[in-house]
Every structure is written in structure tokens, then in C-alpha cells.
Amino acid sequence: MVIEPRTAVQRDAEITLDLLSNSAFTTALSSMGLDSDEIKRLERESGRSLTVLRRRLAQSPELRSPSWSSDENIAPTLIPLMLAGAWKTGNEADQYLLCELSGIGEFTELEHQFSVLLNSNDSPVWSIGGFQGVVSKIDSLYAVHQWVTEDQLRRFLEVADLVLSERDPKLDLPKKDQWAGAMYGKVREISAPLRKGIAESLVLL
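What this report covers is the structure whose coordinates are included nearby. What you see is a predicted model, and the numbers here were worked out from it, not measured in a lab.

Conventions adopted
Every chain's residues receive numbers from 1 upward, in the order its sequence appears when written. Local features in a predicted model are, by the rule used here, given only for residues with pLDDT of at least 70; side-chain atom pairs are given and counted only at 80 or more, and totals for whole chains, interfaces and linings are based on all residues. Hydrogen atoms and water are omitted, and side-chain values are computed over all heavy atoms in the structure. In this analysis, the protein atoms alone were mapped onto a 1 Å grid. Cavities are point sets where a 1.4 Å probe fits without being able to get out; pockets are open sets with protein on both sides within 12 Å along at least five of seven lines; lining residues have an atom within 4 Å of a point. Grid points are joined across faces, edges and corners, and a volume is the space filled by probe spheres set on the points. What counts as a helix is a DSSP run of H or I of at least four residues, what counts as a strand is a run of E of at least two, and both are numbered from the N terminus. The residue classification treats Ala, Val, Leu, Ile, Met, Phe, Trp, Tyr, Cys and Pro as nonpolar and Asp, Glu, Lys and Arg as charged. All others, Gly included, are polar. Each residue is assigned to one of three classes by its accessible area relative to the maximum for its type, calculated with a 1.4 Å probe on protein chains only: buried under 20%, partly exposed between the two thresholds, exposed over 50%. Working definition: the arc comes from the directions between the helix axis and the C-beta atoms, pointing outward to the latter. Residue contacts are defined here by distance: any two heavy atoms, one from each residue, within 4.5 Å place the two residues in contact. We call two N or O atoms a polar contact when they sit within 3.5 Å, provided that within protein one can donate a hydrogen and the other can accept it, with sequence-adjacent residues counted only if both atoms are side-chain atoms.

Topic: empty space enclosed by the protein
- The final tally for this structure, using the stated rule, is two cavities of 30 Å³ or more.
- Surrounding the largest cavity, Leu81, Trp87, Leu98, Phe107, Leu110, Glu111, Phe114 and Gln132 form its lining.
- When residues in the lining of the largest cavity are grouped by element, the largest group, four residues, is from helix α7 (residues 107-118).
- Partitioning the lining of the largest cavity into residue classes produces six nonpolar, one polar and one charged.
- Approximately 40 Å³ is the volume attributed to the second largest cavity.
- Taken together, Met82, Leu83, Lys137, Leu141, Ser201, Leu204 and Leu205 make up the full set of residues lining the second largest cavity.

Re helix α2 (residues 36-46)
- Burial in α2 covers these residues: Ile39, Leu42, Glu43, Glu45 and Ser46. On an axial view of α2, the arc spanned by its buried residues comes to 165°, and they lie on one face. More than 90 degrees from the buried face of α2, the exposed residues found are Asp37, Lys40 and Arg44.
- Here the buried face of α2 lies against α1 (22-31), α3 (50-57) and α8 (137-144).
- N-cap assignment for α2: the residue whose side-chain oxygen lies 3.1 Å from the backbone N of aspartate 37 is aspartate 35.
- The positive-phi residue at the C-terminal boundary of α2 is glycine 47, with phi of around 60°.

Okay, here's the thing in C-alpha cells:
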């Protein structure tokens, strides 16, 4: 069984494994001997994400709180990446917006911070073929929520406004040709993974 993170860049998926339904989640935890109050609490805390549920149920401190989540030099650097979700590394618009999210002037500095996270134990980020992102937004949010500041949320809302208000240039084409927008060079500057990631973060918050 292959589990692919929801924030990963997906191509031609034949099978999509979504979150557990409420009934399946309740039935599974009931069979583990948990009462209704515990199940409701865990559902709120995990959002029915198995990755987060694993941490909430873990007895081991290492599993409940990964080492990077308590490092004041590393954990805060995950916050803008978590809010972005996924992005295209070679896309200049994505690079600019990630710098705006993080409050860092140079993308090279952000790349360094990303590489530190990528090489940490139980890494919360991934990097595959020109794309990067976080493994689980909800899991990352629980891990670093104590480091989130009002200024970071303000920057996120400003970036979200820019990303979600970007006009789709293929709409300039006749309706019958809009499906081939890329062939005419009518494509958005911001990548689809980043646009989707920003939208998901708004819903999550």
C-alpha cells in the first residue's frame, strides 16, 4: 500500500485514499477500547489524519514531539513552508512568495533552511524532481503551533490574497481554445501546487 501525502504533487492517480469517514474513524477507535469522549477529542485533534493520530496516541515522547519541533532555531523555519504546502522550486513567482511568507530577502537562505529540515530525523518536508513541500500540514501545525506569531499570520494572509487573486490568462482566449492555454503561453505565473497549498491552509486555519 502506497500512501501519498495530500500536499504532494500528484499525477494521474488511479486510486485516491482520502481521510477516514467519521463512522470508520469512530468504529476503529471504539474497537481499541476508547470511549466516545476520547474519540471526539482525538477526532478534533487529528482531523481524522492517521499521521497526526499516530502522534496523538504515541506513548514515546520522540513520536509525540519530533526533535525539530522543540528546536527554536529550526521549528520556526517550518511555519512558512507548512502554510505554502508545496511549490515548484524553479518557479520565480513561487520563490518570491515563499520569501514573502518567511520574511527572508534571499531565496538561497530559505533553501538552506529547507535543507536543514530535509536532513533532520523524521523530516517534515520532501523534495522530488523540481518540487518541494511538507509531508503533512496538520502534523506540522501541531508540532510547531507554539512558534506561530501574529506577524507570520499577517504575511500569510497577504500572500494568500496575491495568490488567489491571480487572474488566469487562458480566459483571454476564445472559450473553445481555453483548454489549450499552455500551448498559447497563457499560463499563471504562480504554480498550481502553491496555489492549491495556500488555499488548503486557509481552510485549515
